[in-house]
Amino acid sequence: MNKLLVLSFLATLGACSSKQGEVVADGAENYERYCAGCHNPGPGHGGTMMLAEKGAPVPSLIGRKDLDYDYLHSVVRQGLIEMPPFRPTELSDAEIKQIYDHIMAQKLPANAAEHSKSKNR
């Protein structure tokens with residue numbers, strides 16, 4: 001009886017494993033979850049607004065082509081000014097790379113580019 005109970009318990013644990021049928025977020029989903037609130041183009045995004053005030057040619061992450069992966073990785077891990085650090089249990093190195101690839105594949109929306117140009121005049 002005890003063996004049957006133990007075996008059924010182990011079978012239940014195996015069926016509940018998060019690896020089976022797990023949906024893994026990609027770079028776009030993780031960007032939206034962890035980055036977009038502060039770093040999307042346009043007003044209302046704290047990180048973007050701070051970089052715009054400092055005169056950055058492209059203040060948002062989206063549309064940047066000068067962003068170095070090692071720098072992004074370091075900022076994500078260490079934090080910077082108001083941005084908190086993210087632990088490897090929150091974002092793995094592979095997920096950071098996927099976010100970076102997503103950022104680099106995006107183009108700055110036209111209205112955000114015009115807004116950025118008008119701020120720098």
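Here, every reference points to the structure presented above.
All of these numbers come straight from a predicted model, not from anything done at the bench.

**Regarding the nonpolar core**
Residues Tyr31, Leu67, Leu72, Val76, Leu91, Ile99 and Ile103 are the most contacted members of the largest nonpolar core, which totals 14 residues. Setting aside chain neighbours within four positions, we find Leu67 in contact with Leu61, Leu72, Tyr100, Ile103 and Met104.

**Regarding the packing of aromatic side chains**
Any pair of aromatic rings gets described here by the distance separating the centres and the angle formed by the planes. Enumeration over the complete set of coordinates arrives at 2 aromatic pairs. Aromatic pair Tyr34 and Phe86: ring centres 5.6 Å apart, planes at 80°, arrangement edge-to-face. One end of the pair, Tyr34, is in helix α2 (residues 27-34); the other, Phe86, is in the loop between α5 (69-78) and α6 (93-105), and 52 residues separate them in sequence. Residue Phe86 is classed as buried on the basis of its relative accessible area of 15%. One cation-aromatic arrangement involves Lys97 over Tyr69; the distance from NZ or CZ to the ring centre is 5.8 Å.

**Considering the side chain of His102**
Note that His102 resides in helix α6. Among the residues examined, His102 registers a relative accessible area of 17% and is labelled buried. When near neighbours in sequence (up to four residues on either side) are disregarded, His102 contacts Gly27, Ala28, Tyr31 and Ile62.

Cut-offs and rules
Residues numbered from 1 in each chain as written. Predicted model: local features only at pLDDT ≥ 70, side-chain atom pairs only at ≥ 80, totals over all residues. Heavy atoms only, no water. Core = buried A, V, L, I, M, F, W, Y, C linked by side-chain atoms within 4.5 Å. Buried < 20%, exposed > 50% of the residue type's maximum accessible area, 1.4 Å probe, protein only. Contact = heavy atoms within 4.5 Å. Phe/Tyr/Trp six-rings, centres within 6.5 Å; stacked < 30°, edge-to-face > 60°. Helix = DSSP H or I, 4+ residues; strand = E, 2+ residues; numbered from the N terminus. Lys NZ or Arg CZ within 6 Å of the ring centre and 35° of its normal.

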